[in-house]
Amino acid sequence: MIYSWAWPALFCIVAIWGELTLQSAFQVMLCAVTLTAALSFGLLTWAVPRADKRAAPAPTPALSLRQFTALSLSLFSTEIVQVLVAALPALVLGVVATKADVGAYAMAWRLALALNLLVVAMAAFASPRFAAAAARDDSEALQRTATQSLAITLALGVAPLAALAIGAPFWLGLFGEGFASGATALRILLAGQAILMLAACTPELLGMTGHERPLLRLNQIAVLIYAPLLVALSVWANDVGAAIATVAIALITGVGSSILAQRHLGFVPLTLLFRVGRAK
């Protein structure tokens, strides 16, 4: 949550004070990320309890380097997919489309990303609770955390989603002349964000309950499909095509993680939330 919110907030605060150039923007970004890292290390030092030298250390199973690498890669694969979705379209559009298409898509993606930050923040909130419930083998707590996290995500995200979709030309037009041409791409990207909101915290649910390998395979399939699909659709429809490819990968990861949750955990957060709401 610190990484997702703190350094962009610091960057925006400093940017308000003066006009940014390309060089100064990178300098501000470096300072903001450095301050965020310092804050993270400070909180880590404060949160981790000091070892009691008088108490005998509890035996812990050791992971081999291979096991540790496999576990880390599995849990990090979702982040890798998000980085590719954020960075790859602009690079592809820069090759196959015009500068105007690149700029329109980039601005549309920045607005749609506001909803993605909500999903990321809720995932950070829910992940340690998923791990704690799994360690206790507490299925009821696992389902309750998943349902509450999804409900909060939808409650906070539906209104901004509707406002961005309805007023897409207006919001894009605030950033300069010509950006309003990305309104169609923005609305398509918002459809992808809606899919991710409906599957919010489901990938983290799998990763924190010992099902990281199926999650890794799902993310590998998503990347293998996304890259060629992005190129083909960008050549066909420029920024709109890139937005459609982004919706496709959201659909693959969202539906795929839900299927895996049903298979390995016996429930899907979205259907569970629907049942709870209907019962109440």
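All of these numbers come straight from a predicted model, not from anything done at the bench.

Definitions and cut-offs
Throughout, a residue's number is its position along its own chain's written sequence, starting from 1. Side-chain atom pairs in this predicted model are given and counted only at pLDDT of 80 or more, local residue features only at pLDDT of at least 70, and totals for whole chains, interfaces and linings cover all residues. Calculation of side-chain values draws on the structure's entire complement of heavy atoms; hydrogens and water are dropped beforehand. In this text, helices come from DSSP runs of H or I with a minimum length of four residues, and strands from runs of E with a minimum of two, each type numbered from the N-terminal end. Radius of gyration means the value over C-alpha atoms here, while the globule rule gives 2.2 Å times the residue count to the 0.38 power. To be clear on the numbers: accessible area is Shrake-Rupley with a 1.4 Å probe, and residue cover counts the displayed protein chains and nothing else. Throughout, nonpolar core names a set of buried Ala, Val, Leu, Ile, Met, Phe, Trp, Tyr and Cys residues whose side chains join them through atoms within 4.5 Å. Throughout this description, buried means an accessible area under 20% of the type-specific maximum (1.4 Å probe, protein chains only), exposed means over 50%, and partly exposed covers the range between. We call two residues contacting when some pair of their heavy atoms lies within 4.5 Å. Surface patches are defined over residues having more than 30% relative accessible area and no salt bridge, joining like charges when they lie within 9 Å and nonpolar side chains (Val, Leu, Ile, Met, Phe, Trp, Tyr) when within 5 Å. The term salt bridge refers to a pairing of a side-chain nitrogen on Lys or Arg with a carboxyl oxygen on Asp or Glu at a separation within 4 Å. Multiplying 1.5 Å by the helix residue count minus one yields the expected span of that helix. At any given residue, the bend is defined as the angle formed between two axes, one fitted to the seven residues that end at that position and one fitted to the seven that begin there. Residues counted as positive are Lys and Arg, residues counted as negative are Asp and Glu, and His and the chain ends are not counted. Note on aromatic pairs: the rings of Phe, Tyr and Trp (six-membered ring only in Trp) are paired at centre separations within 6.5 Å, and the planes decide the class, stacked below 30 degrees, edge-to-face beyond 60, tilted for the rest.

**Things to note about the overall build of the chain**
If you tally the helices and strands in the chain, you get ten helices and zero strands. The linear arrangement of helices and strands in the chain, starting from the amino end, is α-α-α-α-α-α-α-α-α-α. For 280 residues, the compact-globule formula gives about 19 Å, and the C-alpha radius of gyration of the chain, at 21 Å, lands near that figure. Within the structure as shown, the chain displays about 16,300 Å² of accessible surface, and the carbon and sulfur contribution to it stands at 71%.

**Focus on the nonpolar core**
Among the nonpolar cores identified, the biggest contains 29 residues, and Tyr 105, Leu 172, Leu 186, Leu 189 and Leu 190 are the most heavily contacted of them. Contributing elements (two or more residues each) for this core: α3 (65–96), α4 (99–135), α5 (139–166), α6 (168–173), α7 (183–198) and α9 (212–265). It is α9 that provides the largest number of residues to this core, a total of eight residues. The residues contacting Tyr 105, other than those within four sequence positions of it, are Pro 89, Leu 93, Leu 189, Asp 239, Ala 242, Ala 243 and Thr 246. Ala 141, Leu 215, Leu 218 and Leu 272 belong to the second largest nonpolar core, which has 18 residues in total.

**A word on the environment of Ala 162**
Within the fold, Ala 162 resides in helix α5. For the pair Ala 162 and Ala 242, spaced 80 residues apart in sequence, the C-alpha separation works out to 21 Å.

**Regarding a nonpolar patch on the surface**
On the surface, a cluster of nonpolar side chains totalling about 480 Å² of accessible area is made up of Ile 13, Val 14, Ile 16 and Trp 17. Judged by relative accessible area, Ile 13 falls into the partly exposed class, the value being 46%.

**Considering α9**
Taking 1.5 Å per residue as the helical rise, α9 with its 54 residues ought to reach 80 Å, whereas the 13 Å between its terminal C-alpha atoms falls clearly short. At Ala 237, α9 shows its maximal bend, which comes to roughly 145°. Following α9 by one or two positions, Gly 266 adopts a phi angle in the positive range, close to 85°.

**Concerning the pattern of salt bridges**
This structure, assessed with the given rule, holds one salt bridge. The salt bridge involving Arg 136 is made with Asp 138; its shortest N-O contact spans 3.7 Å. What makes Asp 138 partly exposed here is its relative accessible area of 26%.

**Describing the side chain of Asp 101**
With respect to the helices, strands and loops of the structure, Asp 101 is situated in helix α4. Lys 99 provides the closest opposite charge to the buried, salt-bridge-free Asp 101, at an N-O distance of 13 Å. With residues up to four places along the chain from it excluded, the contact list for Asp 101 reads Leu 93, Asn 238 and Asp 239.

**A short note on unusual backbone geometry**
Comment: phi is negative for the bulk of residues other than glycine, and the bulk of peptide bonds are trans. One non-glycine residue, Asp 137, lies in positive phi territory at about 55°. Assignment of secondary structure puts Asp 137 in the loop between α4 and α5. Despite not being glycine, Cys 201 shows a phi value in the positive range, around 70°. Checked against the element boundaries, Cys 201 lands in the loop between α7 and α8 (202–207). For Cys 201, a relative accessible area of 2% puts it in the buried group.

**Things to note about the packing of aromatic side chains**
Tallied over the full model, the rule gives one aromatic pair. Measuring from ring centre to ring centre gives 5.1 Å for Phe 170 and Trp 171, while their planes differ by 70°; the resulting arrangement is edge-to-face. We classify Phe 170 as exposed; its relative accessible area is 51%. Classification of Trp 171 by relative accessible area gives partly exposed; the value is 33%.

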